[in-house]
Structures are given as structure tokens and as C-alpha cells.
Amino acid sequence: MRAGINALTVAFVVGVLAGLLLTPDGRAWLSHPTLMFGGQANASATATASETAAVDTPVEVEAPVVPTSSLKARYADGSLTIGVFGDSMADGLWAALYRDLGDLDGVDVVKFSEVSTGLSRYDYVDIQAKSTRQLAERPVDVAIVLFGTNDAQAIVIDGQIHPFGSEGWKAAYAQRVDNLVALMRSRGAEVYWVGLPRMKSSGFDGRMTIINAVVEARMTALGVPYFDTVALTSNEAGGYEAYLSDEDGRRRLMRAGDGIHMSMSGYLRMADPVADRLKADLGVAEAEAVTATP
């Protein structure tokens, strides 16, 4: 009986391999067998040896035209929808922004983010296509974006593997960032991009630094407000620390146990400058200042 089971097992494995070799998706998976099981697993992903041997082919990046902001006029009309796009980190950012902005008259803060997603693995979830569907179903006036914790992986385009951090990867990632911004702007949304915070693991922090650098450069080129959260989530020495002092000087737990995500206090810390900028762009800050003047 054991011999029969072993024979069946061998036959099954051979059949699976044959099936993979006979399909384009299967061959692509064999050349890049990365699985996405969840937020923490994805956040720790690195390029494989086969990826590091690939040849880099940079992708040309063109910046779309920057539109003139009209948020103050839109908000004056009585309603405004703010959409938060991204991964599990953006989930927490949405909760914080909902708390900061949800009590403004006529403002609706909507969650479009999804855990275990990103801009590297469009074979897993195509964020461009997903965002296109989301915006068709629920248009937004403001798109706040935070991606990256799952993106320290190779990008495969037309069978070409771009190892994470390579020049080809940076160009491909920049193109996906540009495409997403262009999509949101084409749907009439003002875009704001939030950078990744300081990370506990020095190796993972280095990978997130690469992503932040690519994104910040593109936001500068595209004229999109970019919020650097590294200094905001670092201690006085510029390093990682789970507990940080708030405005009142009290020490609060800012990080989750994984050293990647934030606590609610941490997400509020990241959201504060975003909320302040949005209030200013909506003209709310001016109204509050006038009201507070004796």
C-alpha cells in the first residue's frame, strides 16, 4: 500500500510540474515562486537568488500634468469624499483620518485599502485595475495613498524580472506610482501620498527607505503633496522606538508588536499632518482660526 501511495505522490508532483511548464503563468511562477500569505509575511519578503541574476531594463517614466486644486470650492458646495487607498498600514491611517476628519460637516472618509496588497505583485492583486473599479463604483474628491510594506519584492513585466532595489525595479515601480496618480487625477481626485514610517528591523527599514525614495521623487515631479513619516516615527536619535512622546510630553506606545505597523496612537501621529494639510486646503483651518479669534 505504501508503495502505491508513493507512486501516486510522484505522479501527482510530476503532473503539477508539467501543468506549470505548459502555461505562461505557471512558467512565470516557477521562475519567481513567491507566495503572499498576509501582511507580515509580505512585509518580510526579499528577492530570491534567481531574481538577483536578472538583467535590469529601465522603464521610461512620464509625469502627467498637475491640475489646479479645487478642493476649497468643492467643499464649499457642501460635500466631499475622501478615499484612503493602500495596504494594511493604510487601514490604520484610514481609522485615524476618520477620527480626525469625520466630524467635519459634509466630509465622508471612505476606506478603499486592502491588506496584503501593493504595487510590486500585480499578478496577485492588480492595484491599477482594482482602483479603477473602486473609483467607478465610488468617486472620490481626495485620494490619500499609502503603499509599500508588501513591496520589497521583484517586479515581473512581460517575463522580465526586475529584482527589488535594482534600477529596473525602481523605474518599474515609479511607473506604477505614476499610473496610479494619473488614474486618480483622471477621475477628478486630488492626490496626497503618505510615506512609510521607521521600521524596527534595520534590514526591512532599509528596504522601506528605497521605496520611500522612489515615491518621494515621483511626488515631487508630479506636484503631489508627500508626507514623510520617518522623522515623525523616530526617536530623538533618529532610530526606532516603540514608545514616543506626544505633544504633552507623555510617553505613548506608538507601534504594534511586529515592529512594522502602528498602534492607534501611532496612526493618529501619522495622520495629524495629513489632516492639517487637508483642512488648510479645504479652508477649514481658516474658518477655525476666524472662529477662535476674540
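Residues numbered from 1 in each chain as written. Predicted model: local features only at pLDDT ≥ 70, side-chain atom pairs only at ≥ 80, totals over all residues. Heavy atoms only, no water.

Trainee: Would you mind going over the packing of aromatic side chains in detail, with residue names and values included?
Mentor: Enumeration over the complete set of coordinates arrives at five aromatic pairs. With a centroid separation of 4.6 Å and 5° between ring planes, the pair formed by phenylalanine 85 and phenylalanine 112 is classed as stacked. Taken as a pair, phenylalanine 85 in strand E1 (residues 80-86) and phenylalanine 112 in the loop between strand E2 (107-111) and helix H7 (127-137) lie far apart in primary sequence, 27 residues in all. Phenylalanine 112 matches phenylalanine 85 in its accessibility class, with the two residues each being buried. With a centroid separation of 4.6 Å and an interplanar angle of 75°, the aromatic rings of phenylalanine 164 and tryptophan 169 are classed as edge-to-face. Each of the two residues, phenylalanine 164 as well as tryptophan 169, counts as buried. (Phe/Tyr/Trp six-rings, centres within 6.5 Å; stacked < 30°, edge-to-face > 60°. Helix = DSSP H or I, 4+ residues; strand = E, 2+ residues; numbered from the N terminus. Buried < 20%, exposed > 50% of the residue type's maximum accessible area, 1.4 Å probe, protein only.)

Trainee: Mind laying out the pairing of strand E6 (residues 190-194), listing which residues take part and the relevant values?
Mentor: By the criterion of burial, E6 is predominantly enclosed, with five of the five residues buried. Alternating positions in E6 separate into two faces, Glu190, Tyr192 and Val194 on one and Val191 and Trp193 on the other, with burial throughout. Pairing geometry for E6 and strand E7 (residues 226-227), over two bridges, is parallel. Bridge pairing in E7 links valine 194 to phenylalanine 227. For the handedness criterion, the β-α-β arrangement of E6, helix H9 (residues 202-222) and E7 is classed as right-handed. (Pairing = 2+ DSSP bridges. Right-handed = clockwise from strand over helix to strand, strands pointing away.)

Trainee: So, helix H8 (residues 167-186): which residues are in play, and what are the values?
Mentor: Over its 20 residues, H8 runs 28 Å from end to end, which matches the ideal 28 Å to within 8%, given 1.5 Å per residue. In the stretch just after H8, glycine 188 is the one whose phi turns positive, near 85°. (Expected span 1.5 Å × (residues − 1).)

Trainee: Quick rundown of the packing of helix H6 (residues 88-101) against helix H10 (residues 264-282)? Include the residues and the values.
Mentor: Axis separation between H6 and H10 bottoms out at 8 Å; the angle between their running directions is 60°. Taken together, the axis directions place H6 and H10 in an arrangement best described as oblique. The hand of the H6/H10 crossing is right-handed. Counting all contacts with H6, which are made through Ser88, Met89, Gly92, Leu93, Ala95, Ala96, Leu97, Arg99, Asp100 and Leu101, the residues of H10 involved are Met264, Tyr267, Leu268, Met270, Ala271, Asp272, Val274, Ala275, Leu278 and Lys279. Taken together, the residues of the contact of H6 with H10 break down into 14 nonpolar, two polar and four charged. (Axes fitted to C-alpha atoms, helices over the stretch in contact; angles between N-to-C directions. Parallel < 35°, antiparallel > 145°, perpendicular 65-115°, else oblique. Left-handed = near helix turned anticlockwise from the far one by under 90°. Contact = heavy atoms within 4.5 Å. Nonpolar A, V, L, I, M, F, W, Y, C, P; charged D, E, K, R; others polar.)

Trainee: A description of unusual backbone geometry should follow, citing residues and the corresponding values.
Mentor: Positioned with a positive phi, serine 116 is a non-glycine residue whose angle comes to about 65°. Phi at aspartate 158 takes a positive value of approximately 55°, unusual for a residue other than glycine. Within the secondary structure layout, aspartate 158 lies in the loop between strand E4 (155-157) and strand E5 (160-162).

Trainee: Give a detailed account of the side chain of serine 234, specifying residues and quantitative values.
Mentor: Locating serine 234 in the fold gives a position in the loop between E7 and strand E8 (243-245). A distance of 3.1 Å separates the side chain of serine 234 from the side chain of arginine 198, its partner in a polar contact. Among the polar contacts made by the side chain of serine 234, one reaches the main-chain carbonyl oxygen of valine 230 at a distance of 2.6 Å. (Polar contact = N/O pair within 3.5 Å; in protein donor to acceptor, adjacent residues only side chain to side chain.)

Trainee: Go over the environment of tyrosine 75 with me, naming the residues and quoting the values.
Mentor: Mapped onto the elements of the fold, tyrosine 75 is located in helix H5 (residues 71-76). We classify tyrosine 75 as buried; its relative accessible area is 18%. Sequence separation between tyrosine 75 and aspartate 141 is 66 residues, and the spatial gap between their C-alpha atoms is 9.3 Å. When sequence neighbours within four positions are dropped, the list of residues in contact with tyrosine 75 reads Leu80, Leu104, Asp105, Val107, Leu282 and Val284.

Trainee: Describe the pattern of salt bridges, and please don't skip the residues or the numbers.
Mentor: Going through the model one piece at a time under the given rule, you end up with 13 salt bridges. A salt bridge links aspartate 178 to arginine 218; the shortest N-O distance between them is 2.9 Å. Taken together, the residues aspartate 178 in helix H8 and arginine 218 in helix H9 connect sequence positions 40 residues apart. Each member of the pair, aspartate 178 together with arginine 218, is buried. When the shortest N-O distance is used, the salt bridge between aspartate 246 and arginine 252 registers 2.7 Å. Its relative accessible area of 18% is what places aspartate 246 among the buried residues. Exposure remark for arginine 252: the relative accessible area of 31% places this residue in the partly exposed category. One salt-bridge network, held together by shared partners, links Asp246, Asp248, Arg250 and Arg252. (Salt bridge = Lys/Arg side-chain N within 4 Å of Asp/Glu carboxyl O.)

It is worth stressing that arrangement in space is one thing and function is another; only the former is reported here.
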